[in-house]
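Chain residues, written in single-letter form:
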Amino acid sequence: MGGVWERAPSPREEVAYVTCTYRETCIDQPDFLATIDLDPRSPCYCQVIHRLPMPNLKDELHASGWSADCTCFGNVSTKRSKLVLPCLISSRIYVVDVGSQCRAPKLCKMIEPVDVFWNCNKGYLSMPRSLPDGDILIANMGDPAGNAKGGFIVLDGETFELKGNWENECEAPPSGKEFSYQPRHNVLVSSAGAIPKCTGRGFNPDDLKKGVFGRRLNVWNLSCRTLTQCFDLGEDSLPLSVKFLHDPDAAEGYVSCALSGVVYRFYKCERDRWAVEEVIRIPAKDVTGWIMPKMPALTANLIISMDDRYLYVSNWLHGDIRQYELSKTCKPRLVGQVFVGGSILRGGPVTVCRDEELKCQPEPLVVKCKRVYGGPSEMQLSMDGRRLYVTNSFYSTWDKQFYPNMVKEGSVILQIDVDTEKGGLTVNKNFLVDFGKEPNGPCLAHEIHFPSGDSTSDILA
């Protein structure tokens, strides 16, 4: 593949919904869904204009996704009215009405953890996404006790009632995190994740080579809900973010491995059979003053522009966002890179002894007089591909371990201006959403979605 495909234009994003948590901040306040004003003409531009607090503490709002009646299956004018918020730690599920008042969402349904535990024997909920049949699929990382157990649970797309597990019990993979699918090829691909009860104690180098961090990429028959292939991507590789190309005819996509720094391309090689190949490798850096002598990139997120021209990866520990051009999907070409924080900044506690890529350690980032701590984590790209929004909270326990200053002072949303013609990334120094100024104290912001459509939600069948 590699050609650019056309789709109808979408309006510019004017509002964003962002999941925010107080877990691990020592502030006893509920998590909340923040509504951000993204209209440059508005007097409230890049400010939090509404906060919807959840009715419980320490949920860890993390991933979010649109309900079944919201995803665009070939209809770019579809109105998105409900946002599904599974909780990573409590395993609770919230459904938020954003359709009645898009600038002041309200909670309309809650599914308690006990229902998820008893009906599905699942816990530690991750990514939600609507399916072609209208139901909502939510990936999980473990069982109720925090042991490794992958798979998915299903919500009814109209009533939001819990329907049970998606896959057969005997086919549940050992771990799970994210998934992506292509309806025309009847395929769903899911990534691995890690054992929740181990990672919940923080990152421990002693957990390496003990099976704590996942290594599999799973290929499923979408309509039959059966596991058809598994790929071993290497011990402690930790495949997390997985995306298909947006072209509905494309039978290929990418998965990023957080700890190995490798991005693999997966593709259909023959009828109903798939293959993987390494296409990007981000080398670890030899360091002193850190928890290990080699620092992995920790690729937290991977997204693809709506026209399938560019792929973006965020390296939470190294601190950079990379832009790759995809004219040859088997050979992504690095065309843009920008540092927005990270653990190897000049003047910090970490010294880089050997670096295959950089000649010197990057400078700290200051935007609108605020020093930005943390590293790039979740990304969201505007539909026209020109504005890349990024948060810097990865997971509250690891945030506290690696970036205590970010937990103390609050995370941020940055805007990266994208050159969509030749490639290139630049931090927009006039844009900053500062979650250190929240009324209840600094919090950690994670996933971003736009009601007008975004590059991680829209699937065209």
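Our structure's up above, just so we're on the same page.
Values in this document were obtained by computation on a predicted structure and should not be read as measured data.

Caption draft 1: Main features of the overall build of the protein chain. When you go through the protein chain residue by residue, the secondary structure sums to four helices and 34 strands. Its C-alpha radius of gyration of 20 Å places the protein chain within 12% of the 23 Å reference for a compact globule of 461 residues. Overall, the C-alpha framework of the protein chain stretches about 55 × 50 × 45 Å when taken along its three principal axes. Counting every position in the protein chain, which comprises 461 residues, the buried fraction comes to 64%.

Caption draft 2: Summary view of the sheet that holds strand E16 (residues 239–244). On the basis of which strands lie adjacent, the open sheet formed by four strands has the order E16-E17-E18-E19 and antiparallel pairing. Of all strands in the sheet, those bounded by a partner on one side alone are E16 and strand E19 (273–281). The mean angle between the axes of side-by-side strands here comes to 25 degrees, regardless of whether they run parallel or antiparallel. Of the pairings in the sheet, the one linking strand E17 (residues 252–257) to strand E18 (residues 262–270) comprises five bridges and is antiparallel in character. Within E18, the position partnered with Glu 252 by the bridge is Tyr 267.

Caption draft 3: Structural detail: the packing of aromatic side chains. Overall, the coordinates contain 20 aromatic pairs when judged by the stated rule. The interplanar angle of 85 degrees and the centroid separation of 5.4 Å between the aromatic rings of Phe 152 and Phe 179 together place this pair among those described as edge-to-face. On the criterion of sequence distance, the pair formed by Phe 152 in strand E10 (residues 152–155) and Phe 179 in strand E12 (residues 179–182) is long-range, its members being 27 residues apart. Owing to a relative accessible area of 2%, Phe 152 belongs among the buried residues under this scheme. Each residue in the set Phe 203, Phe 213, Trp 290, Trp 316, Phe 394, Trp 398, Phe 402 and Tyr 403 is aromatic and connected to the rest through ring pairs, giving one cluster. When the ring centre of Tyr 267 is taken as reference, the NZ or CZ atom of Arg 265 above it lies at 4.2 Å.

Caption draft 4: View of the sheet that holds strand E8 (residues 123–130). Sheet architecture is open: four strands sit in the order E8-E9-E10-E11, paired in antiparallel fashion. Among the strands making up the open sheet, the edge pair consists of E8 and strand E11 (162–165). In this sheet, adjacent strand axes meet at a mean angle of 25 degrees when their direction is disregarded. Strand direction decides the pairing type here: E8 and strand E9 (residues 136–142), joined by five bridges, are antiparallel. Across the sheet, the residue bridging to Leu 125 is Asn 140, located in E9. Each of E8, E10 and E11 is contacted by helix H1 (residues 113–120), which is oriented at about 45 degrees to E11, the strand it contacts most.

Caption draft 5: Focus on the pattern of salt bridges. One pass over the full model with this rule turns up 29 salt bridges. When the shortest N-O distance is used, the salt bridge between Asp 232 and Arg 215 registers 2.9 Å. Residue Asp 232 is found in strand E15 (residues 226–232), and its partner Arg 215 is found in the loop between helix H2 (196–199) and strand E14 (216–221); the two are separated by 17 residues along the sequence. Asp 286 serves as the salt-bridge partner of Lys 294, at 2.5 Å between the closest nitrogen and oxygen. One continuous salt-bridge network, built from bridges that share partners, spans Glu 13, Asp 384 and Arg 387.

Caption draft 6: Representation of the pairing of E14. Of all six residues in E14, five are buried, a share of seventy percent or more. Relative to E14, strand E13 (residues 187–190) runs antiparallel, the two sharing four bridges. Bridge pairing in E14 places Val 189 opposite Val 219. Direction of pairing for E14 relative to E15: antiparallel, over a ladder of six bridges. Bridge pairing in E15 links Trp 220 to Leu 227. Between E14 and E15, which pair antiparallel and follow one another directly, the connecting turn spans four residues, one of which, Arg 225, has a positive phi of 60 degrees.

Caption draft 7: Looking closely at the environment of Ile 304. Within the fold, Ile 304 resides in strand E22 (residues 299–304). With 20 residues separating them along the chain, Ile 304 and Tyr 324 place their C-alpha atoms 9.4 Å apart. Once residues lying within four places of it in the same chain are set aside, the contact partners of Ile 304 are Lys 243, Phe 244, Leu 245, His 246, Tyr 254, Tyr 310, Leu 311, Leu 326 and Ser 455.

Caption draft 8: Summary view of the pairing of E8. By the criterion of burial, E8 is predominantly enclosed, with eight of the eight residues buried. Linkage of E8 to E9, two consecutive antiparallel strands, is achieved through a turn of five residues, within which Gly 134 is found at a positive phi near 100 degrees.

Caption draft 9: Expanded view of H1. For H1, the full list of buried residues reads Pro 113, Val 116 and Cys 120. When H1 is viewed along its axis, its buried side chains cluster within an angular range of 80 degrees and face the same direction. Pointing more than 90 degrees away from the buried face of H1 are the exposed residues Trp 118 and Asn 119. The inward-facing, buried residues of H1 abut strand E6 (93–97), strand E7 (106–111), E8, E10 and E11. Positive phi shows up at Asn 121, right after H1, with a value of about 55 degrees.

Caption draft 10: Looking closely at the environment of Phe 435. Within the element layout of this structure, Phe 435 appears in the loop between strand E33 (433–434) and strand E34 (444–449). Since its relative accessible area comes to 0%, Phe 435 is described here as buried. For Phe 435 and Phe 266, which are 169 residues apart along the polypeptide, the C-alpha to C-alpha distance reads 37 Å.

Caption draft 11: Representation of the nonpolar core within the structure. Formed by 33 residues in total, the largest nonpolar core has its most connected members in Trp 316 and Trp 398. Looking at this core, the elements that each hand over two or more residues are helix H3 (396–402) and helix H4 (404–409). Counting 21 residues, the second-largest nonpolar core is a separate cluster that includes Val 340, Val 367, Val 372 and Val 418.

Caption draft 12: The side chain of Lys 122, seen in detail. Checked against the element boundaries, Lys 122 lands in the loop between H1 and E8. Of the residues examined, Lys 122 reaches a relative accessible area of 0% and is grouped as buried. Within polar-contact distance, the side chain of Lys 122 engages the side chain of Asn 140 at 3.4 Å. Only 2.9 Å separates the side chain of Lys 122 from the side chain of Glu 167, close enough to count as a polar contact.

Rules used in this analysis
Residues numbered from 1 in each chain as written. Predicted model: local features only at pLDDT ≥ 70, side-chain atom pairs only at ≥ 80, totals over all residues. Heavy atoms only, no water. Helix = DSSP H or I, 4+ residues; strand = E, 2+ residues; numbered from the N terminus. Rg over C-alpha atoms; globule rule 2.2 N^0.38 Å. Buried < 20%, exposed > 50% of the residue type's maximum accessible area, 1.4 Å probe, protein only. Pairing = 2+ DSSP bridges. Axes fitted to C-alpha atoms, helices over the stretch in contact; angles between N-to-C directions. Phe/Tyr/Trp six-rings, centres within 6.5 Å; stacked < 30°, edge-to-face > 60°. Lys NZ or Arg CZ within 6 Å of the ring centre and 35° of its normal. Contact = heavy atoms within 4.5 Å. Salt bridge = Lys/Arg side-chain N within 4 Å of Asp/Glu carboxyl O. Arc of directions from axis to C-beta. Core = buried A, V, L, I, M, F, W, Y, C linked by side-chain atoms within 4.5 Å. Polar contact = N/O pair within 3.5 Å; in protein donor to acceptor, adjacent residues only side chain to side chain.

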